[in-house]
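Chain by chain, the residues run as shown.
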Amino acid sequence: MSANRCPRERFRTLRLIACGLLGGLPMAAPLHAQWSAAPTLAVGPVIPTGALGDVANEGLAVKAGAWLRAPRVPVGLAVEAMYAHFRAGANGASSTDTRVGAVLANITTRRHARRLELYGSAGGGYYWLDGASASLAGRRAAGVNIGVGEIIALGSHDYFVELRLHAVRTPAQSPSRWMTFMPLLLGIRF
């Protein structure tokens, strides 16, 4: 009989130790309480530079996406889709409007719940070009972007103003091989 009690007592002791260890750990909050996702929408003027500045004039950009962040993590992630429409070319270089679309993923500095907060953003994505003159031979390519913004917390929403430089390396017949543009966007984060 004592031989049967020995394995049972060991099992009971292991079970008590496991319960004590698990009971001493803080309870983990559900995943949805740890991560937050905030949809964003922004619009504003866009200025073409580099090779794109040779064939297009200023235009309008629209961006929609989501900012993802977690507590105690110094950076967040922004996933966005952007569309920019440029007016017909500078100096008569092009008679058609130029359109640029992009799908982007960026690392952003995380907001720390202040009313005014400066943030930085850097990342990359894939860009599509339509309507430019023959000086920009490449119609789609990967690119990078970097920028800064200011968040203004008012009520239950965050408003922001953001300036970014987008750069796409394209096979161009002009001396400048970079298609670059800078949108200045005003937006809201829900």
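Residues numbered from 1 in each chain as written. Predicted model: local features only at pLDDT ≥ 70, side-chain atom pairs only at ≥ 80, totals over all residues. Heavy atoms only, no water.

*Asks:* Provide a residue-level description of the pattern of salt bridges, including the pertinent values.
*Replies:* Tallied over the entire structure, the rule returns seven salt bridges. In this structure, Asp130 and Arg99 form a salt bridge, with 2.7 Å as the shortest nitrogen-oxygen distance. Remark: Arg99 occurs in strand S4 (residues 98–109) and Asp130 occurs in strand S5 (residues 116–130); sequence separation between them is 31 residues. Taking relative accessible area as the criterion, Asp130 reaches 40% and is therefore assigned partly exposed. On the accessibility criterion, Arg99 (26% relative accessible area) is partly exposed. (Salt bridge = Lys/Arg side-chain N within 4 Å of Asp/Glu carboxyl O. Helix = DSSP H or I, 4+ residues; strand = E, 2+ residues; numbered from the N terminus. Buried < 20%, exposed > 50% of the residue type's maximum accessible area, 1.4 Å probe, protein only.)

*Asks:* Got a sec to walk through the pairing of strand S3 (residues 75–86)? Specific residues and values, please.
*Replies:* Side chains of S3 alternate between two faces, with Gly76, Ala78, Glu80, Met82, Ala84 and Phe86 buried and Val75, Leu77, Val79, Ala81, Tyr83 and His85 left unburied. Bridge count for strand S2 (residues 59–69) against S3 is ten bridges, and the pairing is antiparallel. In the strand pairing of S3, Leu68 is matched with Leu77. Here S2 hands over to S3 after five residues, with Arg72 in that stretch at a positive phi of 65°. Note that S3 and S4 share twelve bridges and pair antiparallel. When the bridges of S4 are listed, Met82 appears paired with Ala102. (Pairing = 2+ DSSP bridges.)

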